Amino acid sequence: MGEIVLGVAAMPMSVDWARVYETHATELAAYLTKLVGDRDAAADLTQDTFFQAMRSAEQLRDPAAALAWLYRIATNLAASYGRRRRIVALVPFLGERLSARSADPSERLEDEHVGLALRSLTAAHASTLLLFYDAGFRREEIARIQGVSEETVKSRLARGRKEFIAAYRRLERGLAR
Amino acid sequence: MNERHDHDDTLDDEVRGLLRRPVRAPSLPPFAEIAARASRTRRRGPVLVAAALAGLLLLVIGPRLTSFVPASSTSAPTCEPTGSALDGPYDSGPYLWGQLDSVRIDPRSGQLLWTVRLGVRASAPSPASIQARARVLVEGRDLTVVGYELSEPTSRTLATDERVSVEACRQVALALRTVGQLPEGTFSYSVALDKVLRPGGESTTETFTTALACTPTPFTCAPTRATGTAAPSTSPNAILNTSFGVIYEGRGTGSAPDLTPSIRREGGTTPVARLTGNVLNQFLGAVAPDGRQIAYFAQPQSDAWVLYVLDPTAGSQQVPVTTLRDEHPIGAPVWSSDGQQIAFTIADQSIAQGTAPAYTEIRSVDLAQRTVRTVARRSDHSAYQLVGWDKPTGAIGALVISATGTASEYVLVGPLTRSWTLNGDTRMVASPDGRVALVVCESSRGCALRTTTLTDFGNQLDANLEAGLSLGIIGFRPGTSDLALFVGKASAPTTQTVELWSRQAGRRVVLTTDASSLDSAFFRADGSALVVGTRPGNETVVDLRTGQTARLASGQNDPFARTRPVASVRLD
């Protein structure tokens with residue numbers, strides 16, 4: 001995870017959003033793609049994240065925290081997106097659902113299993129795992145991003161990791177049958 | 001920056017390895033587009049003037065023609081669009097494509113000429129009959145359309161109601177001539193075209209929309225990619241019912257007219273009503289039990305949420321009911337069964353920042369009296385989420401979402417007060433008469449469907465289904481106790497069915513779809529049809545009496561293709 005890029009010529013301690021976008025938009029889009037499982041939606045959410053961040057930039061007291069702030073906005077937007085889809089989403093029964101889909105455990109299918117397993121978790125657990133294991137944030141940073149205590153982050157990591165691995169292994173077992 | 005968690009290192013490494021697998025990130029626009037959008041939103045000055053042009057072209061394939069362009073005089077065979085367009089080309093269904101060639105000022109008359117090129121693909125079953133009808137709007141004001149001209153393959157004025165025959169692999173260019181005062185400065189146009197195609201007697205309606213930025217001196221226009229793309233929708237008239245409207249969610253963030261939620265007639269391609277937007281332009285609303293009114297939360301200003309009521313049968317007037325300041329709505333409101341009251345849940349603003357709320361309340365508003373009262377309140381960092389409103393007792397059922405994001409309790413508030421403990425994530429729907437259906441899943445056996453009532457929640461009836469089912473609830477069929485569900489089976493993992501379950505008639509498969517994606521599903525407001533979407537822009541309307549199906553929208557080029565239809569409402 002790179003450090004936040006600050007503007008030099010602009011006002012002291014203001015955020016150079018162009019450089020932040022150039023440096024971090026792709027990784028933020030990848031995070032959102034993994035979180036929501038839809039590239040088009042992730043593209044929209046990434047743009048909305050920067051749009052909201054820039055629109056309310058005056059609320060950002062510490063420019064050095066801009067990256068965590070971006071992830072916070074992105075996580076909230078993804079949760080809203082997830083809530084929109086929630087009522088019609090199939091309650092996953094992953095161990096069986098894909099068992100006969102393919103006898104060839106290709107990489108694409110493995111990626112699909114990772115995505116399915118991730119999205120079988122609650123949004124809070126999924127984002128916690130991604131922020132910690134993929135984006136590389138520390139627990140205290142995740143606590144600030146999610147607006148919860150470090151203890152809650154610790155609990156989400158423990159439970160989310162357990163549920164994620166269980167769901168992923170159910171998918172793998174289904175594949176092998 | 002990484003900090004190793006102090007538990008199982010092996011498990012840690014496995015999870016990290018899986019979650020760090022690279023994904024193909026989506027392509028993103030250049031930063032300048034986002035900066036311009038943010039800048040436009042921050043300062044809404046006179047420089048940027050919204051304008052819209054809505055056009056209507058009627059295309060008919062069939063024998064009833066009043067005018068012909070002989071095949072020998074049409075352009076050289078071109079089955080697919082060629083050359084450069086100002087915007088497009090866009091697919092307009094299986095047989096047609098269209099593009100905006102140019103927008104220019106006629107120096108002699110000062111009138112605007114909008115040139116649209118339409119082509120017929122090789123697969124078309126018969127010549128197309130094209131009739132031009134257009135409506136042009138700038139800032140909500142009509143620009144008068146004074147005439148239509150054929151500019152290719154021959155150049156001549158088209159008579160009123162004249163139809164032009166175009167064979168497969170041929171194309172024509174039509175110019176719409178408009179008059180009307182245009183705003184000074186840089187302004188933008190939204191261009192929409194509605195078309196109707198009748199292959200073999202079956203009609204389809206098609207639309208595409210684009211956005212143009214134009215400058216007056218010298219007059220030039222260029223597409224602005226910040227807003228929508230094209231928008232075809234296919235709609236066999238025999239199945240779609242234009243007495244009903246479909247509510248579409250909006251897109252992205254902003255209050256531009258093509259971004260906020262809207263209502264279109266079934267199969268229609270232009271909005272009959274635009275709703276005020278909100279931060280994500282979601283439809284945070286619900287349709288009244290009689291299907292005639294909608295209640296929804298929107299943000300006319302960024303710092304306030306307003307609960308609006310709209311009766312589309314009476315016009316497009318949004319009536320503000322109550323305003324939330326420094327508070328945030330949670331989910332959609334719920335109507336009382338008589339349509340006289342609305343319940344909604346709120347929390348303090350901290351929920352918008354992703355933190356657990358300091359307090360949450362269930363409130364109700366009496367529409368006749370315009371009085372708002374607090375029905376229940378909690379201050380334990382949990383949040384209410386409404387389930388339904390029981391008709392006989394007046395009690396409101398709600399879930400309590402704990403600070404960790406899971407549903408911890410089901411509570412009854414109002415005249416009756418009671419609570420039941422839940423275990424984890426629970427999905428349920430309620431009918432206006434207080435019936436409740438919920439899905440409970442176990443990894444060892446699959447999902448179960450249980451039915452109960454809002455007030456007797458602990459007494460749940462298990463539907464006694466076979467093992468290995470995946471279930472998703474769509475909702476109760478209006479006016480009945482029938483229930484629509486998505487059903488996946490372990491024995492058929494690549495498909496899933498949309499089913500209607502009735503106590504009297506048993507289970508009935510309404511539609512079979514690919515298991516990979518499901519996006520939206522809802523009943524027509526009178527319960528006569530189901531709308532099922534597998535992705536935005538790909539929704540099927542199923543007539544529940546005949547089983548016949550029709551497409552609601554027609555493909556990726558529909559400007560509404562990436563917006564999601566979410567509910568049905570009566571329009572007439």
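Residues numbered from 1 in each chain as written. Chains lettered and ligands numbered in written order. Predicted model: local features only at pLDDT ≥ 70, side-chain atom pairs only at ≥ 80, totals over all residues. Heavy atoms only, no water.

## Quick notes on the nonpolar core
General note: in soluble globular proteins, nonpolar side chains tend to be found buried as a group. Using the following cut-off: Buried Ala, Val, Leu, Ile, Met, Phe, Trp, Tyr and Cys residues that are joined via side-chain atoms within 4.5 Å together make up what is termed a nonpolar core. In this scheme, a residue with accessible area under 20% of its type's maximum is buried, one over 50% is exposed, and one in between is partly exposed, where area comes from a 1.4 Å probe on protein chains only. A helix here means a DSSP run of H or I that spans at least four residues, while a strand means a run of E at least two residues long, and both kinds are numbered starting from the N terminus.
Within the largest apolar cluster, 53 residues are counted, with the highest numbers of intra-cluster contacts made by Trp17(A), Tyr31(A), Tyr71(A), Phe164(A) and Leu19(B). Contributing elements (two or more residues each) for this core: helix H1 (17–36), helix H2 (39–55), helix H3 (66–86), helix H5 (107–119), helix H6 (123–134), helix H7 (139–146) and helix H8 (150–176) of chain A together with helix H1 (9–19) of chain B. With 10 residues, the single largest contributor to this core is H3(A).

## Considerations on H7(A)
Residue and element names in this part refer to chain A. In terms of burial, H7 is a largely internal element, six of the eight residues being buried. Buried within H7 we find Arg139, Glu141, Ile142, Ala143, Ile145 and Gln146. A positive backbone phi angle near 70° is found at Gly147, which sits one or two residues after H7.

## Description of the sheet that holds strand S42 (residues 565–570) of chain B
Residue and element names in this part refer to chain B. Note the threshold: Should DSSP find at least two bridges between two strands, the strands are taken to pair. Every axis corresponds to a line fitted to the C-alpha atoms, with the helix fit spanning only the stretch in contact, and the corresponding angles, defined between N-to-C directions, vary from 0 to 180 degrees.
Pairing in this open sheet of four strands is antiparallel, and the strands run S16-S15-S14-S42 from one edge to the other. With partners counted over all chains shown, the strands left at the sheet margins are strand S16 (271–274) and S42, one partner each. With strand direction ignored, the average angle separating the axes of adjacent strands in the sheet is 25°. Judged from the five bridges that link them, strand S14 (residues 244–248) and S42 form a sheet pairing that is antiparallel. In the strand pairing of S42, Tyr248 is matched with Pro565.

## Looking at H1(B)
Formally: Read the arc as the range of directions from the helix axis to the C-beta atoms.
Taken residue by residue, H1(B) has Leu11(B), Asp12(B), Val15(B), Arg16(B), Leu18(B) and Leu19(B) as its buried positions. The buried residues of H1(B) all sit within an arc of 165° when viewed along its axis, so they share a single face.

## Digging into the pattern of salt bridges
Rules: By definition, a salt bridge exists where a carboxyl oxygen of Asp or Glu is found within 4 Å of a side-chain nitrogen of Lys or Arg.
For the structure on display, the rule yields 19 salt bridges over all chains. Where Arg161(A) meets Asp12(B), a salt bridge forms, and the shortest distance between an N and an O atom there is 2.6 Å. Taken together, the positions of Arg161(A) in helix H8 and Asp12(B) in helix H1 put the pair across two chains. Just as Arg161(A) is buried, Asp12(B) falls in that class too. One network of salt bridges, in which partners are shared, links Glu327(B), Glu361(B), Arg363(B) and Arg377(B).

## A look at the packing of aromatic side chains
Short version of the rule: Geometry of aromatic contacts follows a simple scheme: Phe, Tyr and Trp rings, the Trp one being its six-membered ring, pair when their centres are within 6.5 Å, and the pair is stacked under 30 degrees between planes, edge-to-face over 60, tilted otherwise. Charge over a ring is defined by NZ of Lys or CZ of Arg lying within 6 Å of the ring centre and within 35 degrees of the ring normal.
Inspection of every chain in the model, using the stated rule, returns 11 aromatic pairs over all chains. Pairing Phe283(B) with Tyr296(B) gives two aromatic rings, centres 6.2 Å apart and planes at 35°, and the pair type is tilted. Of this pair, Phe283(B) sits in the loop between S16 and strand S17 (284–287) while Tyr296(B) sits in strand S18 (residues 294–301), and the two are 13 residues apart along the sequence. Take Phe283(B) and Tyr296(B): they sit in the same class, and that class is buried. One aromatic cluster is present, built from ring pairs that chain together Tyr31(A), Tyr71(A) and Phe137(A). In this arrangement the basic side chain of Arg264(B) is found over the ring face of Tyr248(B), its NZ or CZ atom lying 4.3 Å from the centre. For Arg377(B), the ring lying beneath its charged end belongs to Tyr359(B), and the centroid distance is 4.3 Å.

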